[in-house]
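The residues making up each chain are set out below.
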Amino acid sequence: MTRAFRGSREIFRTARKNPQARKSIRWGRLFSAMPSLETRDRRNVLNWLLGLWGGGVLGAVFYPVARYLSPPDIPEAAAVSATAGSARALLPNSGRVVPFGSRPAIVVRTPAGELRAFSATCTHLDCTVQYRSDLQRIWCACHNGQYDLNGRNIAGPPPRPLETYDVNLKDDEIVITRRS
Amino acid sequence: MASRLRPWLEERLPLADLLETLRHKTVPHHRYSGWYYFGGMTLFLFAMQVGTGALLLLYYRPSATEAYESVQFIVTRVPFGWLVRSIHAWSANLMVACAFAHLFSVLFLHAYRRPRELTWVSGVLLLLLTLAFGFTGYLLPWNEVSFFATRVGTDIAATVPVIGHGLVRFLRGGNDVSGATLTRLFGFHVAVLPAIATALVGLHLLLVQRHGMSVPPSVERNRAADPGVMRTIPFLPHFLLRDLFAWTAVLAMLAALSTFYPWELGTKADPFAAAPAGIRPEWYFLWAFEALKHMPSTLAGIDGEFVAVAAMGIMGIGAILLPFMARNTPGGRRLVVWTGIVMLLFMSAMTALALAGNTP
């Protein structure tokens, strides 16, 4: 590279002194007019330009593709509360999975008759849990994770307890609310 | 790392042989060799279609209720979605144009001659496949224009004797253009046609590699008159770099067209609305569309539409079988050239008529 520049500088210096030589310099012919420029250097410059071009093309292709692949954020209002059906229909020692915003929640009536609600998304690997009346526990079918009726992870792989929601009754209708 | 990787690969893959073959490969260089690049450009555009098509598949939903909205989502919400969709649409059009240019250059330079008959046949089939891609892809955004164009286009199949009705049902997935048609054409567009096209492209390229580039008869004659060595350039890197240059130019053109003339989405199709004015197919079907319009309803007692469709069928079969019919004599070649010119003029005239007639 440096030799190439030195070579072109040499040409200009000669050209300044010699008007006859100045005439022979045309920009398009600069490369072929360089006597001290070796083929190897010329090739280096061209390879460098080729690399620059290739890099530019690749960048111009892969940047939009990478952006395209990342899905756009769809703003979804985080659900604060949701109705979960009739309280009377939910018998003791049973549970019901209901939608809570875009994710499932589970409402459980304990054998003692108390209503409780949790997020139904297992903290292990995102499966949806269910109520097992024989175990009297919340159970995840995917990897046999188990939570007690306070949502605490007590057996199997789940690393954290289920998020607990508040339960209120509006007449017979169960209303579950995220705790603030 | 690289010093160990290379022998490892060479032991397992025929890389050295391949490179050696490529190093010895040469391409004829003469005044018509510029036409050699259209095949490569078509291939490049095919690759663009595969790439952008795969990207569109990530967000597209092939159903009558969701297709339009999902395309709308792609062009308005997904980052660079407008660009990907526009490139897919523009690239499809440029691909058809390049394929036609390639076909006519091969025709006029007589590159279909022995032993390249199968290269020609696979090429014509690929052109027909490209048109099929265009036809099946046109409906996918489920907009008004494409809905009615597909209705008209599939209805033409009904003129085929005996099997016509069944053919229409096969194309539409029922008696009418509906959601069933959409999923059907979607399946053709993204699975059936690509599978066939990939196999045919493979065969086409293999044959091109096997026989090398054809040299036009006029250039061959000059060489015979002046027994100097035929001018050639090495495939590696000379021809490949020129190919790459052509591809970059095509890419730049695609980017410019997509940015300054993004492909429109139109309004959503409503099967129970009246067809709006200006329903017409893509430009490469316009000549056929116009020819059908000018056909009298009966011709010598035969249904006019049937005559037109039959004529086009014969043209298609004639195109496929051309290398087996054309004689490699000066007279035979002149006949091919004139047939090509007449075809080209006919198609251009019909397209021009259609464009003029449709401008409000």
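Everything numeric in this text was worked out from a predicted model, so none of it was measured. (Residues numbered from 1 in each chain as written. Chains lettered and ligands numbered in written order. Predicted model: local features only at pLDDT ≥ 70, side-chain atom pairs only at ≥ 80, totals over all residues.)

**Q** What exactly am I supposed to notice about the overall build of chain A here?
**A** Of regular secondary structure, chain A possesses four helices and 10 strands. The helix and strand sequence of chain A, counted from the amino end, reads α-α-α-α-β-β-β-β-β-β-β-β-β-β. Put simply, of all contacts in chain A between residues at least 6 apart along the chain, 38% involve residues at least 24 apart. (Helix = DSSP H or I, 4+ residues; strand = E, 2+ residues; numbered from the N terminus. Contact = placed C-beta atoms within 7 Å.)

**Q** Sorry if this is basic, but what is going on with the interface of chain A and chain B here?
**A** Interface size is commonly expressed as the accessible area that is lost once the parts come together. On the side of chain B, 10 residues touch chain A, which itself brings six residues to the contact. In terms of residue class, the side of chain A that touches chain B is made up of five nonpolar, no polar and one charged. (Nonpolar A, V, L, I, M, F, W, Y, C, P; charged D, E, K, R; others polar.)

**Q** Teacher, can you tell me more about the sheet that holds strand 8 (residues 153-155) of chain A here?
**A** Residues and elements named next belong to chain A. An order of 5-6-7-8 is seen for the four strands of this open sheet, with the pairing classed as antiparallel. Of all strands in the sheet, those bounded by a partner on one side alone are strand 5 (130-132) and strand 8. Within the sheet, the average angular offset between the axes of one strand and its neighbour, ignoring direction, is 45°. The pairing of strand 5 with strand 6 (residues 137-140) spans three bridges and is classified as antiparallel. Among the inter-strand pairings, Q130 is bridged to a residue of strand 6, identified as W139. (Pairing = 2+ DSSP bridges. Axes fitted to C-alpha atoms, helices over the stretch in contact; angles between N-to-C directions.)

**Q** Help me understand unusual backbone geometry, please; the structure alone is not making it clear to me.
**A** The phi angle of most residues is negative, glycine excepted, and most peptide bonds adopt the trans form. P115 of chain B follows R114 of chain B through a cis peptide bond whose omega is 5°. On the secondary structure map, P115 of chain B appears in the loop between helix 5 (81-108) and helix 6 (117-139). Each neighbour pair has its own omega, and for L236 of chain B with P237 of chain B the value is -5°, a cis peptide bond. Here P237 of chain B is to be found in helix 11 (residues 235-260). The phi dihedral of D126 of chain A is positive, around 70°, even though this residue is not glycine. Relative to the helices and strands, D126 of chain A is located in the loop between strand 4 (115-119) and strand 5. Residue D126 of chain A is classed as exposed on the basis of its 10 C-beta neighbours within 10 Å. Of note, the phi angle at N144 of chain A is positive, near 60°, even though the residue is not glycine. Tracing the backbone through its elements, the reader meets N144 of chain A in the loop between strand 6 and strand 7 (145-147). Given 12 C-beta atoms within 10 Å, N144 of chain A falls into the exposed group. (Buried ≥ 20, exposed ≤ 12 C-beta atoms within 10 Å, placed from the backbone.)

**Q** Mind showing me how you'd approach the pairing of strand 6 of chain A here?
**A** Two faces make up the sheet, and in a regular strand the side chains alternate between them. All names here are of chain A. The alternating pattern of strand 6 places I138 and C140 on a buried face and R137 and W139 on a face that is not buried. Between strand 5 and strand 6, which pair antiparallel one after the other, the connecting turn spans four residues, and Q136 there sits at a positive phi close to 55°. Bridging between strand 6 and strand 7 involves three bridges; their strand directions are antiparallel. Pairing of I138 across the sheet is with Y147, part of strand 7. Hairpin remark: strand 6 followed by strand 7, antiparallel, with four residues in the connecting loop; positive phi at N144, about 60°.

**Q** What exactly am I supposed to notice about the environment of S94 of chain A here?
**A** Residues and elements named next belong to chain A. Inspection of the secondary structure puts S94 in strand 2 (residues 94-100). With 60 residues separating them along the chain, S94 and I154 place their C-alpha atoms 19 Å apart. Once residues lying within four places of it in the same chain are set aside, the contact partners of S94 are R109, Y131 and S133.

**Q** Help me understand helix 9 (residues 179-211) of chain B in this model?
**A** Given 3.6 residues per helical turn, the α-helix brings residues three or four places apart onto the same face. All names here are of chain B. The end-to-end C-alpha distance of helix 9 is 46 Å, a good match for the 48 Å that 33 residues give at a rise of 1.5 Å each. Taken together, the buried positions of helix 9 are T181, L182, R184, L185, F186, H189, V190, A197 and H204. Those residues of helix 9 hidden inside the fold are in contact with helix 3 (37-57), helix 4 (67-76), helix 6, helix 7 (144-156) and helix 8 (164-172). One or two positions beyond helix 9, positive phi appears at G212, with a value near 75°. (Expected span 1.5 Å × (residues − 1).)

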